Amino acid sequence: MEIQLMRKPKDYASDQEVKWCPGCGDYAILNAVQRALAELNIDKKDVVFVSGIGCSSRFPYYMDTYGFHTIHGRAAAVATGVKLANPALSVWIVSGDGDSLAIGGNHFIHAIRRNLNMNLIVFNNQIYGLTKGQFSPTSERGKITKSSPHGTLETPFNTGELALGAKSTFFARVPDTDIKLMTQVMIEAENHNGFSLVEVYQNCVIFNDKAHAAITAKENKANAQLILEHGKPMLFGLDNQFGIRLNGLELEVVKLGENDITINDILVHDAYTPSSALHYMLIQMSAPDFPVAMGVIRNVSGPVFDQDLHQQIEHQKQSSKFNSLNELFLSGNTFNIQ
Amino acid sequence: MLTLESAVIKFAGDSGDGMQLVGSLFTDTTAILGNDIATFPDFPSEIRAPQGTVAGVSGFQIHFGTSGVHSPGDAADVLVAMNPAALKANLHTLKPSCLIIIDADSFSRKDLDKAGFETNPLDDHTLHGHKLIPAPITSLTKSSIADLGLDNKSAERCKNMFTLGMIFWLFSEPLDTTIEFFEQKFKKQPSLAQANIKALKAGHHYALTIEAILPHFSVLPAQKKPGIYRNINGNQATAWGLMAAAQKVGRDLFLGSYPITPATDIMQELTRHKWAGVKVFQAEDEIAGICSAIGASFAGDVAVTTTSGPGMALKTEALGLAVMTELPLVIVNVQRGGPSTGLPTKTEQSDLLQAVWGRNGESPIVVLAASTPGNCFDMAFEAVKIAVEHMTPVILLTESYIANGAEPWKIKKPDELPNIQVNSLNDPNPNWRPYLRDDQTLARKWVIPGTPQLQHRIGGLEKDDCTGCVSHNPQNHEFMVGIRQNKVNLVTKDIPLQRVKGKNANKLLVVGWGGQFGILFGAVSDLQKEGKNIAFTHFNYIHPLPSNTADIFAQFDMILVCELNNGQFAKYLRATLPQFTYHQFNKIQGLPFMVSELKDKFNQILES
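Residues numbered from 1 in each chain as written. Chains lettered and ligands numbered in written order. Predicted model: local features only at pLDDT ≥ 70, side-chain atom pairs only at ≥ 80, totals over all residues. Heavy atoms only, no water.

(A) Here's a closer look at the nonpolar core. Residues and elements named next belong to chain B. Membership of the largest hydrophobic core comes to 187 residues, with the highest contact counts inside it found for Leu270, Ile542, Phe553, Phe569 and Phe602. For this core, the leading source of residues is helix H14 (residues 375-390), giving 10 residues. Structurally, this core is a two-domain feature, drawing no fewer than three residues from each of domain 2 (227-494) and domain 3 (508-607). Excluding residues within four positions of it along the chain, Phe569 makes contact with Leu352, Val511, Trp513, Phe539, Ile542, Leu545, Val561 and Glu563. Val80, Ile133, Leu164 and Ala195 belong to the second largest nonpolar core, which has 51 residues in total. (Core = buried A, V, L, I, M, F, W, Y, C linked by side-chain atoms within 4.5 Å. Buried < 20%, exposed > 50% of the residue type's maximum accessible area, 1.4 Å probe, protein only. Helix = DSSP H or I, 4+ residues; strand = E, 2+ residues; numbered from the N terminus. Domains from an automatic or database assignment. Contact = heavy atoms within 4.5 Å.)

Structure follows, in structure tokens:
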């Protein structure tokens, strides 16, 4: 009889010293991912972490799995090759807002569109950390940084909007301050058959400290975050006294008990509905008028590229007129010189 | 009937006239008859360039014969010109007393104006010394298939087959291969098959009818080594060589690529062969093409990316990653005219220095070059073999001229190809480290995800010797730069010695590389037959060079490097073997060399 040993989070940690700045949000993400893998009980020989360039992209060095620290923006493309070569692997891409949404934007949207069965964690700290403080594609308009001393002139991306535009089948958002939620979301991401995008609101303690504090700080989070759970009403606030209601074609924050509002008026989250309309509206909710939606916002099924490619290959192996290279080489017009 | 040693036919027409199809169908039939062949498709980069203009002329040249067919030929014995522009574009490459067949229906004043003829070349002295056959091809084609009820446009499209029928009669070649082709191609549209076949036969009959004014030739088959042959172009041969190599490695073949002229056909060929486990990923861009291949290599596939110059430029950063991570990877660059978008459909050899040196940092890569369409098979195989056995990226340079050009290929038996040693490690081993190296080759092990207890991390940051951990140690960096170069240098031990054609010569050594082999070989052979003191050596292995290269160079008074660029191989040789003086003969016109211009140059040197 074989005894299945349950794996522990530290089993997934490598022997390398973690070199992020003290207080960096990345530590919490590393912690959550290791917990999720332990809970999923995946054999670490079958796990590959692929990263691009940036602070986040040092992540693979800290995991005792297979890992590939690639080049700026290209992690999704490298991971695509890994997954197509061996679909049995659990493939995780680790990237940042610059890596995925600026230099790697093209690979980002196409990886989502193709829906390979992989996970992508985007560490969004709204700044370039490793190059020491330039604005990123998610920095708020007007932000003063080293490369925008008079304020940026750019409208930022909303990661989720971009993902939905690219036909995302799984989108989740989590703050780096909530390890429990992060762990749960990572598990759901891995369990989703398709491309799972997890955006982490991550704090850069050096170059953009407290960028998300209005949403993630202890004193703010109850009113500033809507933590979504499939099948549950969209309630938030310290005593769940607030909720989200659909008013015409717009979302609206309401207070239970006021103006005859009851729990029945509150929207119930459906992460599995194929329609992205409501998911899109939830993704767009922003402070100060709305809480920011957290948790798994969208989780739907779709054709999975790596599985479909291997199915085509299997089908061709069964049905092709060729059984060997020799047959191929001798096919068509040939001539024999005696 | 006249029996010829060899003949050159040029088919020329509008880019929508189907000249490439005519050319390749004639090539197929001629190859089956056992002739030696060399072809040169030459077309504009526009799919349908302005109709009737010289810029829009698409041509296909074929040289076929009993012996001495090393190039597509400098000038045509027979020109087929479907309109005045096609005639004009080829006036300068006709042999004296060339047989010119034109479509008389397309020589109206309007057609002449589009081609820029002030007076009608059929009436003035333009074609003096040539034999002109003005055939009403368009109208005869239409009337021959009038009973099929095709619309005017579809009917007119068959005129290329009428022309092909005439040429088949001219060279006493059978129609059956072409008929079979159309029966297969239009299985589901029998009326189109019928129309093409009818037009083909009508052209054949027409030629027979005007026999009185038309010569009739026969070209005897070539004396070739016994065996089974097929007609193959360089891109197809590249694809098949890659497949054969992957099978020898015992791993799946993965291609990550993005469409680019003139390399796209390799991807399109490979994607047909999923039955052989070939995975083709058409990526979102050139960068994702190579990056996916690097990922696939990391995970254990035989990984390849295919491209041409502009795509090569985009892949450069990722190439450095493959150098640093020491993964096997093959990059095929089907060269075209540059810089920038350059001449997408024209041939050039101007990416050599980019391949050898064009990356940031000290970034050595093995560089190979294919010399003929059939040789693309061998060099693609060799590229995979070196990549896997030495754990290094390998760039294979081919070029538009041999990628699209075709020749008879003696079919290889996959079983008889050499074995490829894989540096794999599949079992847990506590002493293993990611950058531990083989004593002989300095190659590290190819340990793939899924292997128990050998989890490790690689990446683009400098590696610590042996452990592969990230290292910024100054001495380690210098050591690693050296070891990466040594690893590539050691490939020399596994490559064949350089050979010379003309061992007794000592005056002029002609040096070539890549796809101009046939033409250079032909030009040197001709002069050797005349007893000239000339020899020829041709390079398939660019970096590293074969170990006897300097010994060969030392035997000659003069070294002349002939290439389709501004002297890139010559520059590389000056840097690598600086003890010799290198003279250059360069052509940068988007066209292959002509035998005559090479012979003129060689003679001029030999006589000075």
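On we go from here.
(B) Expanded view of the pattern of salt bridges. The final tally for this structure, using the stated rule, is 29 salt bridges over all chains. One salt bridge in this structure joins Asp64(A) and Arg457(B), with 3.4 Å as the shortest N-O distance. Here Asp64(A), found in the loop between strand S1 (47-51) and strand S2 (66-69), pairs with Arg457(B), found in strand S17 (residues 457-459), and the two come from separate chains. One salt bridge connects Lys95(B) with Asp77(B), and the closest N-O pair in it is separated by 3.1 Å. On the criterion of sequence distance, the pair formed by Lys95(B) in strand S6 (residues 94-103) and Asp77(B) in strand S5 (residues 76-81) is long-range, its members being 18 residues apart. With relative accessibility at 32%, the residue Lys95(B) sits in the partly exposed group. Counted as one network, the salt bridges with shared partners bring together Lys44(A), Asp64(A) and Arg457(B). (Salt bridge = Lys/Arg side-chain N within 4 Å of Asp/Glu carboxyl O.)

(C) Geometry of the sheet that holds strand S14 (residues 334-337) of chain A. Across the sheet, which stays open at both edges, the three strands sit in the order S14(A)-S9(B)-S16(B) with antiparallel pairing between neighbours. Here the strands that pair on one side only, and so sit at the sheet edges, are S14 of chain A together with strand S16 (406-410) of chain B. For this sheet, the mean angle separating the axes of adjacent strands, direction not counted, is 35°. Pairing between S14(A) and strand S9 (residues 227-233) of chain B: four bridges, direction antiparallel. For Phe335(A), the partnering residue across the bridge sits in S9(B) and is Tyr229(B). Each of S9 and S16 of chain B is contacted by helix H9 (residues 234-249) of chain B, which is oriented at about 115° to S9(B), the strand it contacts most. (Pairing = 2+ DSSP bridges. Axes fitted to C-alpha atoms, helices over the stretch in contact; angles between N-to-C directions.)

(D) Main features of the pairing of strand S13 (residues 329-335) of chain B. All names here are of chain B. Across the seven residues of S13, seven count as buried, placing the element largely inside the fold. Bridge count for strand S12 (residues 302-307) against S13 is four bridges, and the pairing is parallel. Of the residues in S13, the one forming a bridge with Thr307 is Asn333. Once you follow S12 into helix H12 (residues 309-325) and on to S13, the crossover reads as right-handed. Here S13 pairs with strand S15 (residues 393-399) via seven bridges, running parallel. Bridge pairing links Ile331 to Ile395 in S15. (Right-handed = clockwise from strand over helix to strand, strands pointing away.)

(E) The arrangement of the state of the cysteines in detail. Applying the stated criterion across every chain yields a total of zero disulfides over all chains. As a non-bridged cysteine, Cys469(B) has Cys466(B) as the owner of its nearest cysteine sulfur, 9.5 Å distant. (Disulfide = S-S within 2.5 Å.)

(F) Structural detail: the interface of chain A and chain B. Taken residue by residue, the interface counts 56 residues in chain A and 67 residues in chain B. Together chain A and chain B conceal approximately 5100 Å² of surface at their shared face, both sides included; 68% is due to carbon and sulfur atoms. Across the chain A-chain B interface, the total number found is two salt bridges. Where Arg114(A) meets Glu284(B), a salt bridge forms, and the shortest distance between an N and an O atom there is 2.8 Å. Our count for the contact surface shared by chain A and chain B stands at 21 residue pairs in polar contact (both at pLDDT 80 or more). At the level of elements, S2, helix H2 (75-85), helix H4 (105-114), helix H10 (305-319), helix H11 (325-329) and S14 of chain A are the ones that each hand at least two residues to the side of chain A that touches chain B. Looking at the side of chain A that touches chain B, its residues break down into 23 nonpolar, 25 polar and eight charged. Where S2(A) and S17(B) come together, three bridges link them in parallel fashion. Among the inter-strand pairings, Gly67(A) is bridged to a residue of S17(B), identified as Arg457(B). (Buried area = accessible area lost by both parts, 1.4 Å probe. Polar contact = N/O pair within 3.5 Å; in protein donor to acceptor, adjacent residues only side chain to side chain. Nonpolar A, V, L, I, M, F, W, Y, C, P; charged D, E, K, R; others polar.)

(G) Structural view of the side chain of Asp97(A). All names here are of chain A. Tracing the backbone shows Asp97 in helix H3 (residues 97-103). Notably, Asp97 is buried but unbridged: the nearest opposite-charge side chain belongs to Lys143, and the N-O separation is 9.7 Å. A distance of 2.6 Å separates polar atoms of two side chains, one belonging to Asp97 and the other to Ser136. Excluding residues within four positions of it along the chain, Asp97 makes contact with Ala102, Val122, Phe123, Asn124, Asn125, Gln126, Ile127, Ser136, Pro137 and Thr138. (Lys, Arg positive; Asp, Glu negative; His and termini not counted.)

(H) Quick peek at the packing of aromatic side chains. Residues and elements named next belong to chain B. Overall, the coordinates contain 38 aromatic pairs over all chains when judged by the stated rule. Between the aromatic rings of Trp513 and Phe569, the centroid separation amounts to 6.3 Å while the plane-to-plane angle is 45°, which identifies the pairing as tilted. Taken as a pair, Trp513 in strand S18 (residues 508-513) and Phe569 in helix H19 (residues 568-576) lie far apart in primary sequence, 56 residues in all. Given a relative accessible area of 0%, Trp513 falls into the buried group. Residue Phe569 is classed as buried on the basis of its relative accessible area of 0%. Centre to centre, the rings of Phe553 and Phe580 are 5.6 Å apart; their planes meet at 90°, and the pair counts as edge-to-face. Of this pair, Phe553 sits in helix H18 (residues 549-553) while Phe580 sits in the loop between H19 and strand S22 (582-586), and the two are 27 residues apart along the sequence. Across the pair, exposure class does not vary: Phe553 and Phe580 are buried alike. Three or more aromatic residues joined by ring pairs make a cluster, and in this case those are Trp357, Trp513, Phe539, Phe553, Phe569, Tyr572, Phe580 and Tyr582. Lying over the aromatic face of Phe117, Lys88 brings its terminal NZ or CZ to 5.3 Å of the ring centre. One cation-aromatic arrangement involves Lys224 over Tyr229; the distance from NZ or CZ to the ring centre is 5.4 Å. (Phe/Tyr/Trp six-rings, centres within 6.5 Å; stacked < 30°, edge-to-face > 60°. Lys NZ or Arg CZ within 6 Å of the ring centre and 35° of its normal.)

Such coordinate-based values are descriptive only and should not be taken to indicate function.
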